[in-house]
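The primary structure of each chain is shown beneath.
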2 protein chains.
Amino acid sequence: MPSPTPARRSRRTDALSADAIIEAAITVLDAEGEEALTFRALSTALETGPGAIYNHLANKQEILAAAAHRLVVHALADVPSDPDAENGIRAVMLAFFDLFGAHPWVGTQLSREPWQAALLEMFEAIGTHLEALGVEERYQFTAASSLLNFVLGVAGQHASATRLARDLDRSAFLRDIADGWKDEATAASHPFSRRMADQLAEHDDRQQYSDGVDFILAGIAAVTAGGGL
Amino acid sequence: MPSPTPARRSRRTDALSADAIIEAAITVLDAEGEEALTFRALSTALETGPGAIYNHLANKQEILAAAAHRLVVHALADVPSDPDAENGIRAVMLAFFDLFGAHPWVGTQLSREPWQAALLEMFEAIGTHLEALGVEERYQFTAASSLLNFVLGVAGQHASATRLARDLDRSAFLRDIADGWKDEATAASHPFSRRMADQLAEHDDRQQYSDGVDFILAGIAAVTAGGGL
DNA sequence: ACCTGAACACCGTTCAAGT
DNA sequence: ACCTGAACACCGTTCAAGT
C-alpha cells in the first residue's frame, strides 16, 4: 500500500510574497486597528522575521498604500453598473463610504501620500461618472476634485473617530461631544454649534454623507446649467 | 553710584508655561515640518528637559491640538466681516485655505482627533455664515458638515503633499504625477485621469478650492430653493 | 536569492532625584 | 510645585550571518 498523502499542513507552505504581506497587513489592520500594524506583529503573523518583509516591499508606507489600493479596487469592482448616470455616481460615492466604514484605517492612509494609487482609482471612477452625467469638460477636473476632497474629509474624520472610540459605543461618544457643546461657556460663544448639538448626537452618518454628495451634485448641475462659476 | 541694571538676558527669563510650549511648537512645526516636532527638539528650544513639558500639557496630541486651535482662532479673528453673506462664507473658507497653506501640519492634525477644539471653531464659523445666508435650519447641519469635510479633505492632501515635496518644487512634483498618468499602461486603464493630467500639473490650487466652495454653495442654494433633498 | 533576528537610531512617556 | 534627564518600552529599518 502506498504511503497515504500527509494531511495538509495548516498553512504557510506558500512562500513569502508582496501579496501575502499585504493580505496579512489588511487582516491586522481590520482586526486590531492602525497602531497594531508593526513590523514585529506583521512578521509574527507571517511566521518570519521583520527583516524578511523588506525583500518584497520597500517600507511601511508602501505596505499601507498597497493595502489601501487593493481595497479601493475591490470596492469599485463590486459597484453594480447603473444605466442612470446620477445613480451611478451616487453608488460610487456610497461604495467609498462603506469601504471606510469597514476599514477605517484606509481613511488615514489616503491622507498620508498625495495622489497615491488608491486616489487615482477614486479620481478616475468619479470622473468617469461625471463624464457620463454630461458635466462639461472644463468643469470636470474641479467637480471630480471637489467630490474627492469631500469624501477624503469624511474618511479622515471617520478614521480618527474610530481610533479614539474603538471599543466605546459610537453614539455614546458623540453624545459626550454634543453635551460638551451644551456647556454654558461653550454654548455662549458657539450658539450655532449649541443649536446643532442634538443633531450631532443623533444624526445618521451615512444619510448625512449621502446628502452632502447630493449638495455637491446639485451644485455641479446648477453651475453647469447656469453658465459658469 | 548704584550698580547698573544688568543687560537683559537674551531670553528665557519667563517661566515655562503651556502658552510658551505651544508657541515653541508652532515655531518648530512651521520651520521644520511635522516630523521635526519631538519632545527632545521642543525641550531644547525651550531650554529645559523633555519631562518638564508634561507639567503643563498631557501629551503630544494635546500640544498639537492646542497649536492648531490657536492658529484657527487667530485666522478667524483676522477675517474681515462682510455685509454680504455669500462673500462672508467665501472669506471664511479662503481663510482656512490660506491657513493650511501657511501651516500645512494643521491639516494633518485636524484628522487626528475628531471634533477637537479647532474643528468646533471652524464648524461654528461656517454655520454662523450659513445662517446669515438664509439656509433653512433643517439643512444647516448637513451644509456646514459638507463644507467642513471638503476643507478637511483639501487640508489633508495639502499636508501630505508638503510632507513629501517639502524642499522640492511643488509644480515639478505635480508635473511628475501628471506624467505618470500619461504612462501608456496607466493612461489605457485611466482615460479620465489621462485627460486631466495637464490640468493637474498646471491648475491654480487656490482657485480650484474656491471653485469647489462655489459648487457646494450653489448646491446648497439649489436644494434649498428647489424644495428639498 | 531570500530569510533571520540582533542591533541601531530613534521615538513618547515616566519617574526618582533634585531645587 | 516645578524641573531635570536618565531610563523604559517601544518603533522602523539595516545588515551581517546564515540557507
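Just so it is clear, the structure is predicted and the values come from calculations on it, not from any experiment. (Residues numbered from 1 in each chain as written. Chains lettered and ligands numbered in written order. Predicted model: local features only at pLDDT ≥ 70, side-chain atom pairs only at ≥ 80, totals over all residues. Heavy atoms only, no water.)

## A few points about the interface of chain B and chain A
Alright, step 1. Residue-level contacts link 61 residues of chain B with 61 residues of chain A.
Alright, step 2. Across the interface of chain B and chain A, roughly 5200 Å² is buried in total on both sides, 67% from carbon and sulfur atoms.
Alright, step 3. Counting the surface chain B buries against chain A, the share from its top three residues, B:Phe141, B:Phe192 and B:Phe215, is 16%.
Alright, step 4. Taken together, chain B and chain A are joined by 4 salt bridges.
Alright, step 5. Among the elements of the structure, α6 (117-133), α7 (137-165), α8 (170-181), α9 (184-189), α10 (191-202) and α11 (205-226) of chain B are those that each provide at least two residues to the side of chain B that touches chain A.
Alright, step 6. In terms of residue count, α7(B) provides more of the side of chain B that touches chain A than any other element does, 20 residues in total.
Alright, step 7. Here the residues of the side of chain B that touches chain A sort into 30 nonpolar, 21 polar and 10 charged. (Contact = heavy atoms within 4.5 Å. Buried area = accessible area lost by both parts, 1.4 Å probe. Salt bridge = Lys/Arg side-chain N within 4 Å of Asp/Glu carboxyl O. Helix = DSSP H or I, 4+ residues; strand = E, 2+ residues; numbered from the N terminus. Nonpolar A, V, L, I, M, F, W, Y, C, P; charged D, E, K, R; others polar.)

## Notes on the domain arrangement of chain A
Residue and element names in this part refer to chain A.
Alright, step 1. Segmenting chain A into domains produces domain 1 (1-58) and domain 2 (83-226).
Alright, step 2. Using C-alpha coordinates to define each centre, domain 1 is positioned 34 Å away from domain 2.
Alright, step 3. At the interface, 8 residues of domain 1 touch 8 residues of domain 2.
Alright, step 4. Here domain 1 meets domain 2 over a buried area of about 610 Å², counting both sides, of which 49% is carbon and sulfur.
Alright, step 5. The largest share of the area that domain 1 buries against domain 2 comes from Leu29, Asp30 and Glu34, three residues that together contribute 73% of it.
Alright, step 6. Measuring nitrogen to oxygen at the nearest pair gives 3.1 Å for the salt bridge that ties Arg163 to Glu34. (Domains from an automatic or database assignment.)

## Section: the UniProt feature "domain: HTH tetR-type" (unreviewed entry) in chain A
Alright, step 1. Summarizing the sequence annotation, UniProt attributes the feature "domain: HTH tetR-type" (unreviewed entry) to residues 15-75 of chain A in the numbering used throughout.
Alright, step 2. Taken as a whole, residues 15-75 of chain A contains 62% helix and 0% strand, while its terminal C-alpha atoms sit 27 Å from one another. (UniProt positions renumbered as here; feature names shortened; annotations may be inferred.)

## Let's talk about the packing of aromatic side chains
Alright, step 1. Considering all chains together, one arrives at 18 aromatic pairs over all chains under this definition.
Alright, step 2. Look at A:Trp115 and A:Phe123: their rings are 5.4 Å apart centre to centre, the planes differ by 80°, and that puts the pair in the edge-to-face class. Considered together, A:Trp115 and A:Phe123 belong to a single accessibility category, that of buried residues.
Alright, step 3. With 4.8 Å between their ring centres and 10° between their planes, B:Phe39 and B:Tyr54 make a pair best called stacked. Of this pair, B:Phe39 sits in helix α2 (residues 39-45) while B:Tyr54 sits in the loop between α2 and α3 (60-77), and the two are 15 residues apart along the sequence.
Alright, step 4. Judged by relative accessible area, B:Phe39 falls into the buried class, the value being 16%.
Alright, step 5. Among the residues examined, B:Tyr54 registers a relative accessible area of 45% and is labelled partly exposed.
Alright, step 6. Put simply, the rings of A:Trp115, A:Phe123, A:Phe141, B:Trp181 and B:Phe192 pair up and form one aromatic cluster. (Phe/Tyr/Trp six-rings, centres within 6.5 Å; stacked < 30°, edge-to-face > 60°. Buried < 20%, exposed > 50% of the residue type's maximum accessible area, 1.4 Å probe, protein only.)

## Comments concerning the protein's contact with DNA strand D
Alright, step 1. Among the 17 residues in the neighbourhood of DNA strand D, the closest are listed as A:Arg40, A:Lys60, B:Thr48, B:Gly51 and B:His56.
Alright, step 2. In this structure, a base oxygen belonging to DNA strand D sits 2.8 Å away from a side-chain N or O atom of A:Arg40.
Alright, step 3. Take B:Gly51: an N or O atom from its main chain is 3.5 Å from a base oxygen of DNA strand D. (Near = heavy atom within 4 Å. Polar contact = N/O pair within 3.5 Å; in protein donor to acceptor, adjacent residues only side chain to side chain.)

## Here we look at the environment of A:Ala31
Alright, step 1. Here A:Ala31 lies in helix α1 (residues 18-32).
Alright, step 2. Overall, the relative accessible area of 52% leaves A:Ala31 in the exposed class.

## So, the nonpolar core
Alright, step 1. Grouped together as the largest cluster of nonpolar side chains are 151 residues, with contacts concentrated most on A:Met93, A:Phe96, A:Tyr209, B:Met93, B:Phe96 and B:Tyr209.
Alright, step 2. Sorting elements by how many residues they give to this core places helix α7 (residues 137-165) of chain A first, with 13 residues.
Alright, step 3. Residues in contact with B:Tyr209, not counting those within four places in the same chain, are B:Met93, B:Leu94, B:Phe96, B:Phe97, B:Phe150, B:Val151 and B:Val154. (Core = buried A, V, L, I, M, F, W, Y, C linked by side-chain atoms within 4.5 Å.)

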